[in-house]
Amino acid sequence: MVVERILRKYGARVVCVRPDFTVFESSGHTEDTEELVKKLSEYNLVEFVRGARVAIMKESEGFHKRLKEFEYKEPGEEVIENEFLEKGEKIFTM
């Protein structure tokens, strides 16, 4: 299948396949992503969502404390606690 070759070429992967839609995931440089979108548009790509960079900090307790203080001063929607924060090395080692 041609689309499979395109996905492989750009390092993309299939996340979800349903009768009415399919979700692909890809990460990389903006130029590569834009080229992938251009190639997939030939196959009726309907929607494209660009995410932001994500980082997991090993020493995140100080950041978590400042974030909680900010949320207290300017509450938003319901706050979800980070259930993994206390697990330290068990979770954040690479």
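See the structure printed just above.
As the structure is a prediction and not an experimental result, all values here were calculated from the model.

1. Brief notes about the overall build of the chain
Then, in step 1: A tally of regular secondary structure across the chain gives four helices and two strands.
Then, in step 2: Secondary structure elements of the chain occur, N-terminal to C-terminal, as α-β-β-α-α-α.
Then, in step 3: Contacts in the chain between residues far apart in sequence, at least 24 positions, make up 35% of those at least 6 positions apart.
Then, in step 4: Within the structure as shown, the chain displays about 8,900 Å² of accessible surface, and the carbon and sulfur contribution to it stands at 53%.

2. Some details on the packing of helix H1 (residues 2–9) against helix H2 (residues 30–41)
Then, in step 1: Two numbers describe how H1 lies on H2: the axes approach to 10 Å, and their chain directions differ by 175°. Between H1 and H2, the interaxial angle falls into the category roughly antiparallel. Contact residues: Val3, Ile6 and Leu7 in H1; Leu36, Lys39 and Leu40 in H2.

3. Description of H2
Then, in step 1: Under the 1.5 Å per step criterion, the end-to-end length of H2 is 16 Å for 12 residues, consistent within 8% with the ideal 16 Å.
Then, in step 2: Turning to H2, its buried residues are Thr33, Leu36 and Leu40. The buried residues of H2 all sit within an arc of 60° when viewed along its axis, so they share a single face. Residues of H2 that are exposed and angled more than 90 degrees away from the buried face: Glu31 and Lys38.
Then, in step 3: On its buried face, H2 sits against H1 and strand E2 (22–25).

4. Observations concerning the side chain of threonine 33
Then, in step 1: Tracing the sequence through the fold places threonine 33 in helix H2.
Then, in step 2: By relative accessible area, threonine 33 is classed as buried at 11%.
Then, in step 3: Apart from residues no more than four positions distant in its own chain, threonine 33 is found in contact with Gly28, Phe48 and Arg50.

5. What about the pattern of salt bridges?
Then, in step 1: Under the definition given, this model contains one salt bridge.
Then, in step 2: Its salt-bridge partner being arginine 13, residue glutamate 25 comes within 3.0 Å of it at the nearest N-O pair. With glutamate 25 in strand E2 and arginine 13 in strand E1 (residues 13–17), this residue pair connects regions lying 12 residues apart in the sequence.
Then, in step 3: Relative accessible area serves as the criterion here: at 30%, glutamate 25 is assigned to the partly exposed category.

6. Quick notes on the pairing of E2
Then, in step 1: As defined by bridge partners, E1 adjoins E2 across four bridges and the pair is classed as antiparallel. Bridge pairing in E2 links arginine 13 to glutamate 25.
Then, in step 2: Once E1 ends, the chain turns through four residues before running back antiparallel as E2.

Calculation criteria
Residues numbered from 1 in each chain as written. Predicted model: local features only at pLDDT ≥ 70, side-chain atom pairs only at ≥ 80, totals over all residues. Heavy atoms only, no water. Helix = DSSP H or I, 4+ residues; strand = E, 2+ residues; numbered from the N terminus. Contact = heavy atoms within 4.5 Å. Areas by Shrake-Rupley, 256 points an atom, 1.4 Å probe, with all protein chains shown as cover. Axes fitted to C-alpha atoms, helices over the stretch in contact; angles between N-to-C directions. Parallel < 35°, antiparallel > 145°, perpendicular 65-115°, else oblique. Expected span 1.5 Å × (residues − 1). Buried < 20%, exposed > 50% of the residue type's maximum accessible area, 1.4 Å probe, protein only. Arc of directions from axis to C-beta. Salt bridge = Lys/Arg side-chain N within 4 Å of Asp/Glu carboxyl O. Pairing = 2+ DSSP bridges.

None of the figures reported here should be taken as evidence of function without further support.
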